[in-house]
Each structure stands twice: as C-alpha cells, then as structure tokens.
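Fold and contact review
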Amino acid sequence: MQIHGRGTAIIADTMPGESLDMIGPLGNPWNTASGDYDTAVLLIGGVGVASMPLLTAKLTASGTPVATYYGARTRTLFALDRLTGLQLSTDDGSEGYHGHNVQLLREHLQTKDMLKRPKIFACGPTPMMRAAKTLAAEFGIPCEVSLETEMACGIGICQGCPVPTDEATFAATGKRFRLVCMDGPSFEAGGIEL
C-alpha cells in the first residue's frame, strides 16, 4: 500500500475488525454504455488502479473486450489483481515496456486494427491523463478520465474540488467549473481542462 496523505494513512493504520466512518461512493461512475466503442482501453497510472478492477468486472460481464495499459515507476508498484488484457510499462524498465504507458498505447493505435474501435478509460497522474486526452483527440477516439483530487465535504457545498470546463462546455452550460465530487470523478476528457 502506498500512503499519500492523511486519508490513506488512516486506512493503512486500520486494524481488521475496526470501523471507519466515510461517505461514498461519490459522484458519477464510468460511462460504460456501448455505442461509440467496441474495445475498452484501460489506461492506468500508479495508484489510479483503485477503480479499475470494478470497471474491468463490469466490462467483461457485458462482453466488452478489455485492453489494460498499466504504467508504474517500477515493477514492485503494480497491483494486478482482477485486471485483464495487461500491457505493462515501467519508467525504469523493470517490467514490460520501458517507458510510459501512453507511448505504448500510441504505438498500438498506430498498428492498424490492433484495437478495434477503442474508448480510453484513464485514471492516474494528471500529466498521464492530459497525454491520454491529447492522444484520444489525435486519433479521434472517445476518452473518459477519472480525476483524483482532495475533497473536503464530498457533496458540493465547499466548492473545494473544481475542475475548469473547456470553452464549448462553458458556452453550452454556462458553467465555468465542474465539481469532482458531484459532476465527476469521471468526465469526458474533451469537456474539461486538465
């Protein structure tokens, strides 16, 4: 387990049988409705893996092919349980492709017919999701990102987790910002600024 702040420290220190008081799940889940894709491409960076086993289960139960591009700094940081169609990459070259998972996906998208009508589902560091958004726009494929951010209230009162919308979304909705806790955490990548 990687501890990245107060919340994960509390979870790590919890002993079996102890109770935690929490609110969840919050916001909106991944949009897996079919129609605009045939292959689900899960693009995972580091601890962005948290929601991916559940997404994998939902997609495979519906018969959707899954290709998982999972990147980490080193091989010891992978959490591979309940993931399928794995393409691993590491920054240090200790496992799989030596480099970033977005670059590996780019190479596979350039290989004709390797991924049939893909849709990207990305979760991980913001630079990785920004690169996924750019890649999806370049190849004209749908892309959804699940944002990771600190949330104070989790129900939209504090306005502490805003993400800027793109100009088209702002023009259509009049909303300059969306809240990760209420409108997300999953967003169509083209509708927000990363």
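Residues numbered from 1 in each chain as written. Predicted model: local features only at pLDDT ≥ 70, side-chain atom pairs only at ≥ 80, totals over all residues. Heavy atoms only, no water.

The subject of this paragraph is the packing of aromatic side chains. Evaluated as defined, the whole model comprises three aromatic pairs. Ring geometry for W30 against F121: centres 5.6 Å apart, planes inclined by 75°, an arrangement best described as edge-to-face. One end of the pair, W30, is in the loop between α1 (6–13) and β1 (39–45); the other, F121, is in strand β5 (residues 118–123), and 91 residues separate them in sequence. Taken together through their ring pairs, the aromatic side chains of W30, Y37 and F121 make up a single cluster. One residue, R176, lies across the ring of F170, its end atom 3.8 Å from the ring centre. (Phe/Tyr/Trp six-rings, centres within 6.5 Å; stacked < 30°, edge-to-face > 60°. Helix = DSSP H or I, 4+ residues; strand = E, 2+ residues; numbered from the N terminus. Lys NZ or Arg CZ within 6 Å of the ring centre and 35° of its normal.)

It is worth spelling out helix α2 (residues 52–61) at this point. Every buried residue of α2 is listed here: M52, P53, L55, T56 and L59. Axial view of α2: buried residues confined to an arc of 160°, hence all on one face. Exposed residues lying more than 90 degrees from the buried face of α2 are L54 and A61. Taken together, the buried residues of α2 touch β1, β2 (66–72) and β5. The first or second residue beyond α2 is G63, which carries a positive phi of 85°. (Buried < 20%, exposed > 50% of the residue type's maximum accessible area, 1.4 Å probe, protein only. Arc of directions from axis to C-beta. Contact = heavy atoms within 4.5 Å.)

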